[in-house]
Amino acid sequence: MSKVEEFEELRPLLFSIAYRILGSVSEAEDAVQETWLRYDGTTTRPTSPKAYLSTTVTRIALDVLRSARVRREQYVGPWFPEPLLSDPYEDPARAMELADSVSMAALVLLERLSPLERAVFVLREVFGFEFDEVAAAVGRSEAACRQLVVRARRHMRDGRPRFEAPREEREELASRFFDALREGDVASLQDLLAADVSMAGDGGGKAPQLARTVVGAENVARLLASVFPWMARIDVTFELHEINGEPGAIFREREGGVLAVMVLDVLGGQIRAIRSVINPDKLAHVGPVADAWAVDRELRRLRRQPH
């Protein structure tokens, strides 16, 4: 195989590693491109292209994550990962680990780990790399990597249980949720929400967002039912779509511009978290981005009109 063929065969794996470390589609794509440039510039062929490329993309992603930490600490409001519409890497033997690790909930938890803990957890627990491979990738001893994995596992396990509902069950629940949302049906919405459900939006200070996280089934149901029927009147629509392996929807304004992406975290037959990404910087890869401020102004004007 040529270098190009070797790289293209491994590109889905490299992107999936980088995305889980960084939580950003654009930064992951940049890391993969930089990995190619380094590979293309090598004068000798590595014994294992997979090991070489995985190590390279991990180290690049770690450097990016360390520099991003300062920006994320100063981020306005909740930080959520850039929504991923489809994960390019598939491995039937690790399907559960891959699906669980790419969820919004898991990526939010990964954000709380140190960069090294995050990288080691991703390589070992998600992609099944051996400890000697992990150690080589992050430049630490095997013993140190084992300790990092133990700490990371504890944080991840304490923060969130794994997926427990089959995909079909989660999709059916999401379909009922979005039907109730479209109708503004408070009672039906409340029936689908966990008692301690939380709802938050990531606007990054660049789009209208909730002033605070809304908690509780009744509060969340009433807020949703009070907003979305009005949005429909200014021709905001949504299409159901799997986002980060979870049920969700893409919201668009009348011209088709992407307004937001909403993701539902389903556990125990109920929705326990609703996360929306509204920051336009995180939506460009989904499609042309709408002017959320203009939509918000139109919505406010409509609601002020006498009935």
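Our structure's up above, just so we're on the same page.
Report follows, based on the coordinates. Given the structure is predicted, the values throughout are model-derived calculations rather than measurements. (Residues numbered from 1 in each chain as written. Predicted model: local features only at pLDDT ≥ 70, side-chain atom pairs only at ≥ 80, totals over all residues. Heavy atoms only, no water.)

What about the layout of surface pockets?
Here's step 1: Put simply, the largest pocket is a space of about 730 Å³.
Here's step 2: Around the largest pocket sit 24 residues that line it, and Pro208, Gln209, Leu210, Val227 and Met231 are the ones nearest its centre.
Here's step 3: Elements with a minimum of two residues in the lining of the largest pocket: β1 (193-202), α11 (217-233), β5 (258-267) and α12 (292-304).
Here's step 4: Per-element accounting of the lining of the largest pocket gives the leading share, six residues, to α12. (1 Å grid on protein atoms, 1.4 Å probe; cavity = no way out; pocket = protein on both sides within 12 Å on 5 of 7 lines; lining within 4 Å. Points joined across faces, edges and corners; volume = space filled by probe spheres on them. Helix = DSSP H or I, 4+ residues; strand = E, 2+ residues; numbered from the N terminus.)

A closer look at the environment of glycine 205
Here's step 1: Mapping glycine 205 onto the fold places it in the loop between β1 and β2 (214-215).
Here's step 2: Among the residues examined, glycine 205 registers a relative accessible area of 46% and is labelled partly exposed.
Here's step 3: Spatially, the C-alpha atom of glycine 205 lies 7.3 Å from that of glycine 77, the residues being 128 residues apart in sequence.
Here's step 4: For glycine 205, the contacting residues outside a window of four places in its chain are Val76 and Trp293. (Buried < 20%, exposed > 50% of the residue type's maximum accessible area, 1.4 Å probe, protein only. Contact = heavy atoms within 4.5 Å.)

A closer look at α11
Here's step 1: The terminal C-alpha atoms of α11 lie 25 Å apart, and with 17 residues this matches the ideal 24 Å at 1.5 Å per residue to within 8%.
Here's step 2: Where α11 terminates, the next one or two residues include aspartate 235, which has phi positive at roughly 70°. (Expected span 1.5 Å × (residues − 1).)

Considering helix α3 (residues 49-73)
Here's step 1: If you check α3, its first and last C-alpha atoms are 36 Å apart, about what 25 residues at 1.5 Å a residue would give, namely 36 Å.
Here's step 2: The largest bend in α3 is about 30°, located at serine 67. (Bend = angle between axes of the 7 residues up to and from the residue.)

A short note on the sheet that holds β5
Here's step 1: One open sheet holds the six strands; their spatial order is β2-β1-β6-β5-β4-β3, and the pairing between them is mixed. The open sheet has two edge strands with one neighbour each: β2 and β3 (237-243).
Here's step 2: Two strands pair when backbone bridges link them, and β5 and strand β6 (residues 270-277) are joined in this way by seven bridges, in the antiparallel orientation. When the sheet's bridge partners are listed, methionine 262 is paired in β6 with serine 276. (Pairing = 2+ DSSP bridges.)

Limitation: the analysis is restricted to geometry and does not speak to function.
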